[in-house]
Amino acid sequence: DLHSFPTRPLPILAMIELAMGNTDAALADANQACNEDPNPVHLFHLARLQLSKGDRKAATDAFQKAHERGLTSASLHPLERPTLTELEAQLNPASH
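Here the structure is a predicted model, which means the values were calculated and not measured.

*Asks:* Please clarify how the overall build of the chain should be interpreted in this entry.
*Replies:* Within the chain one finds 5 helices and 0 strands. For the chain, the N- to C-terminal ordering of α and β elements is α-α-α-α-α. Considering the chain as a whole, with its 96 residues, one finds that 38% of them fall into the buried category. Once local pairs closer than 6 in sequence are excluded, the contacts in the chain between residues at least 24 apart make up 45%. Total accessible area on the chain stands at roughly 5600 Å², and carbon and sulfur atoms take up 55% of it.

What follows is the structure, given as structure tokens:
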């Protein structure tokens, strides 16, 4: 069980849970990570998860906050950068 670790690196845990298909747990951990440290990368992950659950408004809000706090492609791991482009296209279709 991923939640049995004494200290949980929540953003990493959320992405692992997403990869395992446990979107609800991933979303809960991403929300907690943003409550504890609302940095641009955490907000990006939250937006991604919210959109995957069909909550476009919440995803757009989180994505906007991520940009307001300085999110750029350089903020993300190189493997996540294509996801940023996809998320931008999904949430801001008029800008592409």
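*Asks:* Help me understand the pattern of salt bridges in this model?
*Replies:* When charged atoms on two side chains of opposite charge get close, those side chains can pair. Within the structure shown, the criterion is met by 2 salt bridges. Across the pair Lys53 and Asp24 runs a salt bridge whose closest N-O atoms are separated by 2.5 Å. Residue Lys53 is found in the loop between α3 (40-52) and α4 (56-68), and its partner Asp24 is found in helix α2 (residues 23-36); the two are separated by 29 residues along the sequence.

*Asks:* Explain a nonpolar patch on the surface here, please?
*Replies:* On the surface, Ile12, Ile16 and Met20 cluster together into a nonpolar patch covering about 310 Å² of accessible area. With a relative accessible area of 36%, Ile16 lands in the partly exposed category.

*Asks:* Can you help me understand the nonpolar core in this one?
*Replies:* If you look at soluble globular proteins, the nonpolar side chains tend to sit buried side by side. Counting 22 residues, the largest nonpolar core has Phe44, Leu49, Phe63, Leu71 and Leu87 as its most contacted members. For this core, the elements supplying multiple residues, two or more each, are α1 (10-19), α2, α3, α4 and α5 (81-91). If one sorts the elements of this core by residue count, α3 sits on top with 6 residues. What Phe44 contacts, discounting residues up to four positions off in sequence, is Phe63, Ala66, Leu71, Leu76, Glu80, Thr83, Leu84 and Leu87.

*Asks:* Sorry if this is basic, but what is going on with the environment of Leu18 here?
*Replies:* Within the secondary structure, Leu18 is located in helix α1. Residues Leu18 and Leu49 lie 31 residues apart in sequence; the distance between their C-alpha atoms is 8.0 Å. When residues no more than four places from it in sequence are discounted, the contact partners of Leu18 are Thr23, Ala26, Arg48 and Leu49.

*Asks:* I tried to follow α2 on my own but got confused; where do I start?
*Replies:* Each turn of an α-helix holds 3.6 residues, which means side chains three or four residues apart point in the same direction. For α2, with 14 residues, the first-to-last C-alpha span of 20 Å sits near the 20 Å given by 1.5 Å per residue. Of all the positions in α2, only Thr23, Ala25, Ala26, Leu27, Asp29, Ala30, Ala33 and Cys34 are classed as buried.

*Asks:* Help me understand the packing of α4 against α5 in this model?
*Replies:* When two helices pack together, their arrangement is given by the angle between the helix axes and by the axis-to-axis distance. Interaxial distance between α4 and α5 falls to 11 Å at its minimum, and their mutual angle equals 125°. By the angle between their directions, the pair α4 and α5 is classed as oblique. Remark: the crossing between α4 and α5 carries left-handed chirality. Along its contact with α4, which presents Arg56, Ala59, Thr60, Phe63 and His67, the element α5 presents Leu84, Leu87, Glu88, Gln90 and Leu91.

Rules used throughout
- Residues numbered from 1 in each chain as written.
- Predicted model: local features only at pLDDT ≥ 70, side-chain atom pairs only at ≥ 80, totals over all residues.
- Heavy atoms only, no water.
- Helix = DSSP H or I, 4+ residues; strand = E, 2+ residues; numbered from the N terminus.
- Buried < 20%, exposed > 50% of the residue type's maximum accessible area, 1.4 Å probe, protein only.
- Contact = heavy atoms within 4.5 Å.
- Areas by Shrake-Rupley, 256 points an atom, 1.4 Å probe, with all protein chains shown as cover.
- Salt bridge = Lys/Arg side-chain N within 4 Å of Asp/Glu carboxyl O.
- Patch = residues over 30% accessible without salt bridge, like charges linked within 9 Å, V, L, I, M, F, W, Y side chains within 5 Å.
- Core = buried A, V, L, I, M, F, W, Y, C linked by side-chain atoms within 4.5 Å.
- Expected span 1.5 Å × (residues − 1).
- Axes fitted to C-alpha atoms, helices over the stretch in contact; angles between N-to-C directions.
- Parallel < 35°, antiparallel > 145°, perpendicular 65-115°, else oblique.
- Left-handed = near helix turned anticlockwise from the far one by under 90°.

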